[in-house]
Amino acid sequence: MFEFLKRDTGKVIHVNDLDPLIDDLDPLIGSIELIDIREPFEFKSGSMRTAKNIPMGNLINNPEKYLMKDKTYYIMCQSGARSKRSCSSLLKKGFDVVNVAGGMGSYVGTKRK
C-alpha cells in the first residue's frame, strides 16, 4: 500500500568522509571517480582536488557521454540536494553512483583545490 515511500535512494557518503578515498598524488592508487555537478562558476570558486566538473544538466541529459555503467562515480554539489536528485536519476538509468551528502558547503577536509 505504501510502496511509494520505499524509494531506492542508493549509496551515500558524507563529504567529510572522502579524504581517505582520494589520492591526488597517485591517481592510480585507490582514487575515486569524483564528479562535481555544480555550474562552472561554482566549480571555479573551489572544489575537491580530483573532482571533474560536469554540470548537472549535462550529466542527467546525456550520462552515456560521461559515465560508464561498470564504474562507480561519486556525485557532489554544493549542499547535497542536486547530487541526491542526480543520483536518483542515474540509478534508474543503470549507473553505479554514490551521493556525496553535505556537498562542498560542508567540506572541512584537506583536499580542497
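Conventions adopted
- Residues numbered from 1 in each chain as written.
- Predicted model: local features only at pLDDT ≥ 70, side-chain atom pairs only at ≥ 80, totals over all residues.
- Heavy atoms only, no water.
- Core = buried A, V, L, I, M, F, W, Y, C linked by side-chain atoms within 4.5 Å.
- Buried < 20%, exposed > 50% of the residue type's maximum accessible area, 1.4 Å probe, protein only.
- Helix = DSSP H or I, 4+ residues; strand = E, 2+ residues; numbered from the N terminus.
- Contact = heavy atoms within 4.5 Å.
- Disulfide = S-S within 2.5 Å.
- Polar contact = N/O pair within 3.5 Å; in protein donor to acceptor, adjacent residues only side chain to side chain.

**Points about the nonpolar core**
Here's step 1: Formed by 15 residues in total, the largest nonpolar core has its most connected members in L18, L34, M48, Y74 and V100.
Here's step 2: Taken together, the elements giving at least two residues each to this core come down to strand 4 (72–76) and strand 5 (96–101).
Here's step 3: Excluding its chain neighbours within four sequence positions, the residues that come into contact with V100 are I13, V15, L18, L34, Y74, I75, M76, G80 and S83.
Here's step 4: Counting 14 residues, the second-largest nonpolar core is a separate cluster that includes I54, M56, L59 and V97.

**Thoughts on the state of the cysteines**
Here's step 1: A full pass over the atoms with the stated rule returns 0 disulfides.
Here's step 2: Unpaired in this structure, C87 has its nearest cysteine sulfur neighbour in C77, at a distance of 9.0 Å.
Here's step 3: Given the relative accessible area of 2%, C87 is considered buried.

**Notes on the environment of E42**
Here's step 1: Assignment of secondary structure puts E42 in helix 1 (residues 40–44).
Here's step 2: Judged by its relative accessible area of 15%, E42 falls in the buried class.
Here's step 3: Spatially, the C-alpha atom of E42 lies 9.7 Å from that of N53, the residues being 11 residues apart in sequence.
Here's step 4: Leave out the neighbours within four places in its chain, and E42 touches Q78 and R82.
Here's step 5: From its side chain, E42 meets the backbone nitrogen of E39 in a polar contact 2.8 Å long.

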